[in-house]
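# Structural overview
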Amino acid sequence: MEESEIINGLTNAVVNGKKDQAVELANQALAAGIEPYKAVIEGLAKGMEIMGEKYDCKQAFMPHLLMASNAMYGGMDVLTPHMKLEGGAKRAVLVIGSAEGDVHDIGKNLVKTMMSAMGFEAIDLGKDVPIGKFTEAAIENKADVISVSTLMTSTMDNMEKIVKSFTEKGIRDKVKIIVGGAPITPDYAAEIGADTSKPDAMEAAKWAKEIVKDLPDNRWS
Ligand code: B1M
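Reading guide: rules and limits
- Residues numbered from 1 in each chain as written.
- Predicted model: local features only at pLDDT ≥ 70, side-chain atom pairs only at ≥ 80, totals over all residues.
- Heavy atoms only, no water.
- Domains from an automatic or database assignment.
- Contact = heavy atoms within 4.5 Å.
- Buried area = accessible area lost by both parts, 1.4 Å probe.
- Salt bridge = Lys/Arg side-chain N within 4 Å of Asp/Glu carboxyl O.
- Helix = DSSP H or I, 4+ residues; strand = E, 2+ residues; numbered from the N terminus.
- Nonpolar A, V, L, I, M, F, W, Y, C, P; charged D, E, K, R; others polar.
- Pairing = 2+ DSSP bridges.
- Axes fitted to C-alpha atoms, helices over the stretch in contact; angles between N-to-C directions.
- Donors = N, O, S within 2.8 Å, 3.2 Å for Na, K, Ca; no water.
- Core = buried A, V, L, I, M, F, W, Y, C linked by side-chain atoms within 4.5 Å.
- Buried < 20%, exposed > 50% of the residue type's maximum accessible area, 1.4 Å probe, protein only.

The next thing to look at is the domain arrangement of the protein chain. Per the domain assignment, the segments of the protein chain are domain 1 (3-84) and domain 2 (87-214). Across the contact, 12 residues belong to domain 1 and eight residues belong to domain 2. Note on domain 1 versus domain 2: buried area summed over both sides is about 830 Å², and carbon and sulfur give 80% of it. Interface area lost by domain 1 to domain 2 is led by Y37, I41 and Y73, which between them contribute 47%. Inspection of the domain 1/domain 2 interface yields zero salt bridges. At the level of elements, α3 (36-56) and α4 (62-79) are the ones that each hand at least two residues to the side of domain 1 that touches domain 2. For the side of domain 1 that touches domain 2, the leading source of residues is α3, giving five residues. When its residues are assigned to classes, the side of domain 1 that touches domain 2 shows nine nonpolar, two polar and one charged.

Taken in spatial order, the four strands line up as β2-β1-β3-β4 in an open sheet, and their pairing is parallel. Strands at the two margins of the open sheet, each flanked by one partner only, are β2 (121-126) and β4 (176-180). Neighbouring strand axes in the sheet, compared pairwise and without regard to direction, differ in orientation by 15 degrees on average. As defined by bridge partners, strand β3 (residues 145-149) adjoins β4 across five bridges and the pair is classed as parallel. Residue pairing in the sheet places V148 in a bridge with V179 of β4. Here helix α9 (residues 201-211) sits on the sheet and contacts β3 and β4; the angle it forms with β4, its principal contact strand, is near 175 degrees.

All right, on to the side chain of S165 then. Within the element layout of this structure, S165 appears in helix α7 (residues 156-168). Once residues lying within four places of it in the same chain are set aside, the contact partners of S165 are I131 and T135.

Here we come to the coordination of the cobalt atom of the ligand. There is one protein donor for the cobalt atom of the ligand, and it is H104 (NE2), at 2.1 Å. If you trace the backbone, H104 turns up in the loop between β1 (93-98) and α5 (106-117).

V40, L44, M72, M115, F120 and V145 are the most contacted members of the largest nonpolar core, which has 48 residues in total. Where this core is concerned, the elements lending two or more residues are α1 (3-15), α2 (19-31), α3, α4, β1, α5 and α9. Each of domain 1 (3-84) and domain 2 (87-214) contributes no fewer than three residues to this core. The contact partners of V145, leaving out residues within four places of it in the chain, are V93, L94, V95, F120, K176, I178, A208, I211 and V212. Judged by nonpolar contacts, the second largest core, of 27 residues, contains V93, I123, Y188 and W220.

Rendered as structure tokens:
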């Protein structure tokens, strides 16, 4: 099969909620030597984007979204372990999660995948993460970067509370905080005291990889 056929096949497997097909095509992508990043971003994630659009114009409903995300994760489970780690002297620590009240986690998991591929050790707190868990995990793991996602306007305020919790614990200067998800803009990030926001997982990971170079090594000791 041609590369483009496999990539399009992955997109269609997600759109049609076919997990078996996604798994099979992900294995074919590896066998054909397709870069796993490409298969995830241009294949699987593209399918989720299409489903998002279909949902917005009422051509798809909750059960379709759940089947699509199940297919997406099936493919990601095959591809993610094959992503090459970018070299780097120090393995930086990422604490990542979706804001309290938000159960969406596909974009968050894409960010985790891309940052892991850039060499980060990821501490994944999951979705609907209680606000205080971020500082707890940051202190316990001497974190470098904190990544918070939300897709809902109703949970944006919880991002501000997360940033504030770092200031209250006196550890705001020890970490870099990135916030993101569809309703989040760089202006909003600045307004709540986060370091930045980026529009997609790849941009977020590139930013994180660069910004950790600015953090002094001994700041947690
Ligand atoms: Co729901 N949902 N959902 N949903 N869902 C949205 C977000 C919504 C926009 C749909 C709509 O009404 N048009 C809407 C939010 C409205 C709003 O507040 N503005 C919504 C709602 C309301 C809800 C419920 C409340 C519905 C209900 O129960 N009545 C409920 C939420 C309950 C809760 O959280 N407490 C709900 C539930 C669900 C499902 C469980 C069915 C499912 C999620 C499955 C899962 O995540 N495991 C789901 C889905 C799939 C969607 C849509 C259709 C698609 C989201 C998605 O996964 N996109 C979404 C509509 C849409 O987006 N058009 C919708 C694909 C994913 C790759 O993109 O996560 O945006 P995304 O990530 C992108 C960027 O945003 C960015 O990078 C990624 C691309 O590389 N990004 C970051 C993400 N995080 C980042 C972090 C960064 C930087 C970039 O730095 C830290």
